[in-house]
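# Report on the structure
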Amino acid sequence: RFATKIYHPLVDKDDGKFCNEAIAENWKAVNNLSTVVTTVYEMLQVGEEWALESEYANCDMAVDPDIGDEVRNNRPAFEATAKEWTEKYACWSLC
């Protein structure tokens, strides 16, 4: 769960829960914090290839399918809202 609001298809925009399916599917007893953080970081990447080929772009994994559709079909709107949320909820005085 994220404490800071994040506009992303794999994060619930209301309560911050994220799709941890990738972590659960690949969990091994030897996993450590570094493995989990790296997986979460990779899940949050929304590069150009995300909408086409990322294993995390699967609509079945999306916590918010509407945002997933926006990434695929209206990238400028997604980026504008993500930027707005970043400035509003994550930057404080840093942005």
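Details of the structure are given in the entry above.
Notes on the structure in this doc start here.

About the criteria used
- Residues numbered from 1 in each chain as written.
- Predicted model: local features only at pLDDT ≥ 70, side-chain atom pairs only at ≥ 80, totals over all residues.
- Heavy atoms only, no water.
- Axes fitted to C-alpha atoms, helices over the stretch in contact; angles between N-to-C directions.
- Helix = DSSP H or I, 4+ residues; strand = E, 2+ residues; numbered from the N terminus.
- Parallel < 35°, antiparallel > 145°, perpendicular 65-115°, else oblique.
- Contact = heavy atoms within 4.5 Å.
- Nonpolar A, V, L, I, M, F, W, Y, C, P; charged D, E, K, R; others polar.
- Salt bridge = Lys/Arg side-chain N within 4 Å of Asp/Glu carboxyl O.
- Buried < 20%, exposed > 50% of the residue type's maximum accessible area, 1.4 Å probe, protein only.
- Core = buried A, V, L, I, M, F, W, Y, C linked by side-chain atoms within 4.5 Å.
- Phe/Tyr/Trp six-rings, centres within 6.5 Å; stacked < 30°, edge-to-face > 60°.
- Lys NZ or Arg CZ within 6 Å of the ring centre and 35° of its normal.

Here we take up the packing of helix H4 (residues 65-73) against helix H5 (residues 75-90). A pair of packed helices is captured by two measures, namely the crossing angle of their axes and the spacing between those axes. The N-to-C vectors of H4 and H5 enclose an angle of 120°; their axes lie 6 Å apart at closest approach. Between H4 and H5, the crossing angle belongs to the class labelled oblique. Between H4, through Ile67, Glu70, Val71 and Asn73, and H5, the contact on the second element is made entirely by Arg75, Ala77 and Phe78. Per-class residue counts for the contact of H4 with H5 are four nonpolar, one polar and two charged.

Moving on to the pattern of salt bridges. By the definition in use, this model includes four salt bridges. The partner of Asp64 in a salt bridge is Lys13, and the shortest N-O contact between them spans 3.3 Å. Note that Asp64 is positioned in the loop between helix H3 (50-53) and H4 and Lys13 in the segment before helix H1 (21-25), a separation of 51 residues in sequence. Using a relative accessible area of 31% as the deciding quantity, one classes Lys13 as partly exposed. Across the salt bridge formed by Glu87 and Lys83, the nearest N and O atoms sit 4.0 Å from each other. With Glu87 and Lys83 both in helix H5 and four residues apart, the pair spans about one turn of that helix. The class of Glu87 is partly exposed, set by a relative accessible area of 44%.

Attention now moves to the nonpolar core. In terms of nonpolar packing, the biggest core is built from six residues, these being Tyr7, Ile67, Val71, Phe78, Ala82 and Trp85. If you tally residues by element for this core, the top one is H5, at three residues.

In total, this model carries four aromatic pairs according to the counting rule given. Seen from their ring centres, Phe2 and Phe18 are 5.4 Å apart, and the 55° between their planes marks the pair as tilted. Here Phe18 lies in the segment before H1 and Phe2 lies in the segment before H1, a separation of 16 residues in the sequence. Aromatic rings pair up to connect Tyr7, Phe78, Trp85 and Tyr89 into one cluster. Between the NZ or CZ atom of Lys5 and the centre of the ring of Tyr89, over which it lies, the distance is 5.5 Å.

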